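Topology and contacts: notes
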Amino acid sequence: MSNKYVVVIGPLLRPSSSNVVFDDGVVLVQGRAPDDVAVLEVEFPSVEFLGISDEGSRLRLLNDLDGLRGALLKSRDGDLLRYFADESLHTREGIELTHYIFMIGEEIIDVITREEPVFNVTPP
Amino acid sequence: MSTPIHGGGGRVDQDGYPAAEAQYGGPYLGGSSIGSVPSAPSMGLVNHVTSPLLTSIALSAGVWFDFLEQLSQKQDECPIPGTTPERRTKGNTNIESKQGDFDTENGDFDALSPGDVSDKGGGVRVGTLDDGRIIIVRPVSSDGSPTIEIQSGSRTRVKVRYVK
C-alpha cells in the first residue's frame, strides 16, 4: 500500500467526463456529471506542468495507487515529480511542488503546481 | 462580358477583362486582379467537361466515405458477448460494461484467441485479434473496474468495464 497519495475529492458519479482549459498560464479543470453539468471545478492560478492521458496508458500509476481512487488525488512524492525534477535539471529545488491527479472519465490529468488551487464542488 | 470578382486598380479592357487576360485569352490571376467570372457561353464548355468529372469525383468520395464509415463501425464493434453500451466519448472511445470480475474478463480475453499474446506482469496481457486490433486485458482502471481495451489503428477505442 502506497501512502504517498492522498484523496482530495472522492470519485464522481459514473459516467463522468473532463474538460480542461489552459488560458495564459491559468488552468481550469472541470469534472462533469452524466448530464454534462460541471459538478467539480478546480482552478490553478499557475502550473509548472500539465499532462492529459488516457487512463489505459497509466497502468503503473494505477498499480501504484493500489486501489486508492478519487476524482482528485495529490502527492508530494511520486514518479512524475521525480521526472519533472530531472527534466528541469533540479532548478526548482527548494520550491514545494504538489502533483495533483484528476481521475475523471477516461482521462488522467496531471498538474504540478507550487500554488494552492481553488476548488468549487457542487454537492451531489 | 465578365464580372470582375476583385479588382484593385488594374487596367480593364472593353470586355471587362483586365488587359492581361485579353492578351493571353483567359482569366488573369496575377497582379491586382484575382480573377473574373466568365459569361455563360464560355462556361458551357467548361461545364460539359467538368460536370462528369466532378460527378465521378463526388461518387468516388461517396464510396470512400461509406467504406471508411463501415471500417470505422467495424473497428468500433465490441467482439465480447454480453456487454451493455454505456457511453461514447467525444474522443471516440466506446465504453461498454459487463457483469463480472477479473476472472470473467480473462475468460473473455482467452475466448477470443488473440495471437502474439504478451504477459506484461501484474495481470496485464496484450494480444492481437484476427482483424488486427490490439486487445489488452488489465485488472485496473481509473474507476477500479477490471477492463478489456481494444485499440484499432485509428483513434477508435473500445473499453469494457467489468462490474460486480
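Below is a short write-up of the structure.

Definitions and cut-offs
- Residues numbered from 1 in each chain as written.
- Chains lettered and ligands numbered in written order.
- Predicted model: local features only at pLDDT ≥ 70, side-chain atom pairs only at ≥ 80, totals over all residues.
- Heavy atoms only, no water.
- Contact = heavy atoms within 4.5 Å.
- Buried area = accessible area lost by both parts, 1.4 Å probe.
- Salt bridge = Lys/Arg side-chain N within 4 Å of Asp/Glu carboxyl O.
- Polar contact = N/O pair within 3.5 Å; in protein donor to acceptor, adjacent residues only side chain to side chain.
- Helix = DSSP H or I, 4+ residues; strand = E, 2+ residues; numbered from the N terminus.
- Nonpolar A, V, L, I, M, F, W, Y, C, P; charged D, E, K, R; others polar.
- Pairing = 2+ DSSP bridges.
- Axes fitted to C-alpha atoms, helices over the stretch in contact; angles between N-to-C directions.
- Buried < 20%, exposed > 50% of the residue type's maximum accessible area, 1.4 Å probe, protein only.
- Phe/Tyr/Trp six-rings, centres within 6.5 Å; stacked < 30°, edge-to-face > 60°.

Quick word on the interface of chain B and chain A
Contact with chain B, which involves 18 residues of that partner, is made by 16 residues of chain A. Across the interface of chain B and chain A, roughly 1,400 Å² is buried in total on both sides, 46% from carbon and sulfur atoms. When the area that chain B buries against chain A is broken down by residue, the three leading residues are B:Arg87, B:Val140 and B:Ser142, summing to 39%. Counting every contact that joins chain B to chain A gives seven salt bridges. Here A:Glu55 ties to B:Arg138 by a salt bridge, and the two come within 2.8 Å at their closest N and O atoms. Applying the counting criterion to the chain B and chain A interface returns 10 residue pairs in polar contact (both at pLDDT 80 or more). Elements with a contribution of two residues or more to the side of chain B that touches chain A: strand E3 (84-88) and strand E9 (157-163) of chain B. Considering each element in turn, the side of chain B that touches chain A owes the most residues, four residues, to E9(B). Residue composition of the side of chain B that touches chain A, by class: four nonpolar, five polar and nine charged.

Notes on the sheet that holds strand E2 (residues 17-23) of chain A
Residues and elements named next belong to chain A. Overall, antiparallel pairing links the four strands, which are arranged E2-E3-E4-E9 in an open sheet. Edge positions in the sheet fall to E2 and strand E9 (118-121), since each has one partner strand and no second. Each neighbouring strand pair of the sheet contributes to a mean axis angle of 10°, computed without reference to strand direction. With four bridges joining them, strand E4 (residues 38-44) and E9 adopt antiparallel strand pairing. When the sheet's bridge partners are listed, glutamate 43 is paired in E9 with valine 118.

Here's the deal with the pattern of salt bridges
All names here are of chain B. Considering all chains together, one arrives at 21 salt bridges over all chains under this definition. Of the charged contacts, one joins lysine 98 and aspartate 108 as a salt bridge, the two residues approaching to 2.9 Å between their closest N and O atoms. Here lysine 98 is found in strand E4 (residues 93-99), whereas its partner aspartate 108 is found in helix H3 (residues 102-111), with 10 residues between them in sequence. Pair check on accessibility: lysine 98 and aspartate 108 agree, each one buried.

Examining the packing of aromatic side chains
Residue and element names in this part refer to chain A. One pass over the full model with this rule turns up two aromatic pairs over all chains. Note on phenylalanine 44 and phenylalanine 102: the rings are 6.0 Å apart at their centroids and 85° apart in plane angle, and the pair reads as edge-to-face. With phenylalanine 44 in strand E4 and phenylalanine 102 in strand E7 (residues 98-104), this pair connects stretches of sequence that are 58 residues apart. On the accessibility criterion, phenylalanine 102 (0% relative accessible area) is buried.

Details of the pairing of strand E5 (residues 115-121) of chain B
All names here are of chain B. Two strands pair when backbone bridges link them, and E5 and strand E6 (residues 124-128) are joined in this way by four bridges, in the antiparallel orientation. Looking across to E6, one finds that glycine 121 is bridged to valine 124. Between the antiparallel neighbours E5 and E6 lie two residues, among them glycine 122 with a positive phi of about 65°.

Some thoughts on the pairing of E4(B)
Residues and elements named next belong to chain B. Counting buried positions over the seven residues of E4 gives six, a clear majority of the element. Judged from the four bridges that link them, E3 and E4 form a sheet pairing that is antiparallel. Directly across from threonine 84, in E4, lies its bridge partner serine 97. Connecting the antiparallel pair E3 and E4 is a turn made up of four residues, with asparagine 92 showing a positive phi of about 70°. Of the strand pairs in this sheet, E4 and E9 are connected by seven bridges, and their pairing is parallel. Following the sheet pairing, asparagine 94 is matched in E9 by valine 158.

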